[in-house]
Amino acid sequence: MEFLIVGPGAMGCLFAARLNNAGFNVTLLDHNSKRAEEISRQGIIVEGASGNYKESVRVTADPADIKPDIILFCVKSGKTEEAAVSVKNNLHESTVAATLQNGLGNTEIIKKILGEDRVLSGITSEGATLLGNGRVKHAGTGSTVLGPVKGFGVRLAKTVEAFSKAGFQTSQVENVEDLIWGKLIINVGINALTAITGLKNGKLLKFEETLEIMKDAVNEAVMVSEAKNIKLPYDDPIKRVMEVCESTSDNVASMLQDVISKRPTEVDFINGAVCREGKIAGINTPVNLTLTRLIKAIHSSYSERTF
């Protein structure tokens, strides 16, 4: 089975290394040719939950000769359209595209470009932090879930089997949208607040002000999910978000990492997505709108900030 993994970030490198180690043919696609050459020379270096190891993985900026069985998207959400266009000519008849990206909207973008009958959606609770080009800290293990089952049959089963062989705890479900919303609501409560305040996840619970904003943002997202008839994978959303804050208390959330590095964030696909879906459903989402605007103000002022 041949994999094309799009995006050399923490998750892309982790999946590339583990799948390569399991014996699959893996190519990592990086739009930056200089970085691709660097990672090819040094290999992907992983430390942490799955041990310390190095994998020699093919990395390229030109995937012209590759016809993979599975294309795995691991780019930031703002780059999804560009990434999907870049691999459009790499499809063969039964190629499956899978996304484990954060937020809402990635699946729809990929389907529009690659076709409705090719795209699997999912979530992963694997934790990974990029330490440098091709260097990853595997911060923690967790479940990975893909779906839908209908229409994918053997193709989905083979993808789940491959991920499982690579050491990822992988399963399949029919209604994967419920799980995507479940993860979205956790991100809604944590990511933007950490990026604005500079606090690690656990510290959000320490201050009354951040805790109350968190609750308000989550409650808005829950109202929107209810309007869409989403069945969340937990009964008490606020409690669940707080549990994640506690269990990842020392984590620097991905959106805060982006702000520290002065990179674009995924806020449009997280808090911004709640605002868009809320507008469709006729539900006001002022807290998520404010969080989105603040993060976008930070984006546009990177060159002028005093800290």
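In this report, the structure presented in the accompanying data block is examined.

Parameters at a glance
- Residues numbered from 1 in each chain as written.
- Predicted model: local features only at pLDDT ≥ 70, side-chain atom pairs only at ≥ 80, totals over all residues.
- Heavy atoms only, no water.
- Pairing = 2+ DSSP bridges.
- Helix = DSSP H or I, 4+ residues; strand = E, 2+ residues; numbered from the N terminus.
- Axes fitted to C-alpha atoms, helices over the stretch in contact; angles between N-to-C directions.
- Contact = heavy atoms within 4.5 Å.
- Core = buried A, V, L, I, M, F, W, Y, C linked by side-chain atoms within 4.5 Å.
- Buried < 20%, exposed > 50% of the residue type's maximum accessible area, 1.4 Å probe, protein only.
- Right-handed = clockwise from strand over helix to strand, strands pointing away.

**So, the pairing of strand 3 (residues 44–48)**
Right, so step 1: With three bridges connecting them, strand 3 and strand 4 (residues 53–55) associate as antiparallel partners. Considered in strand 4, the bridge of Val46 is made with Tyr53.
Right, so step 2: Pairing between strand 3 and strand 10 (residues 135–140): four bridges, direction parallel. Residue pairing in the sheet places Ile45 in a bridge with Arg135 of strand 10.

**Things to note about the sheet that holds strand 2 (residues 25–29)**
Right, so step 1: As summarised here, the arrangement of the eight strands in space is 5-2-1-6-7-8-11-12, forming an open sheet in which the pairing is mixed. Of all the strands in the sheet, the pair left with one neighbour each is strand 5 (58–60) and strand 12 (169–172). Put simply, the sheet's adjacent strands are angled 25 degrees from each other on average, direction ignored.
Right, so step 2: In the sheet, strand 7 (residues 96–99) pairs with strand 8 (residues 119–124) via three bridges, with the strands oriented parallel. Bridged to Ala98 within strand 8 is Leu120.
Right, so step 3: Across the sheet, helix 5 (residues 153–165) lies against strand 1 (2–6), strand 6 (70–73), strand 7, strand 8, strand 11 (143–147) and strand 12, angled at about 165 degrees from strand 12, the strand it touches most.

**A short note on the nonpolar core**
Right, so step 1: Counting residues in each nonpolar core, the largest one holds 43 residues, and the members touching the most others are Trp181, Ile185, Ile190 and Met214.
Right, so step 2: Broken down by secondary-structure element, the contributors of at least two residues to this core are helix 6 (176–197), helix 7 (208–227), helix 8 (237–247), helix 9 (254–260), helix 10 (271–281) and helix 11 (286–300).
Right, so step 3: Element by element, the count of residues in this core is highest for helix 6, at 12 residues.
Right, so step 4: Residues in contact with Ile190, not counting those within four places in the same chain, are Asn201, Leu204, Val241, Val244, Cys245 and Ala253.
Right, so step 5: Listed in part, the 35 residues of the second largest apolar core include Ala16, Leu19, Tyr53 and Ala166.

**Observations regarding the pairing of strand 2**
Right, so step 1: With four of five residues buried, strand 2 lies mostly within the body of the structure.
Right, so step 2: In terms of strand pairing, strand 1 meets strand 2 through five bridges, oriented parallel. By the bridge assignment for strand 2, Ile5 is matched with Leu28.
Right, so step 3: In the classification by handedness, the crossover that spans strand 1, the intervening helix 1 (residues 10–21) and the parallel strand 2 is right-handed.
Right, so step 4: Note that strand 2 and strand 5 share three bridges and pair parallel. For Leu28, the partnering residue across the bridge sits in strand 5 and is Val59.

**Some words on the sheet that holds strand 3**
Right, so step 1: Here we have four strands laid out as an open sheet, ordered 4-3-10-9, and mixed in their pairing. Looking at which strands have only one partner, the edges of the open sheet turn out to be strand 4 and strand 9 (127–132). Pairwise comparison of adjacent strand axes, ignoring direction, gives a mean angle of 25 degrees for this sheet.
Right, so step 2: Its contacts with the sheet put helix 1 on strand 3, strand 4, strand 9 and strand 10, and the angle it makes with strand 4 is roughly 85 degrees.

As far as function goes, none of this settles anything; it's purely spatial.
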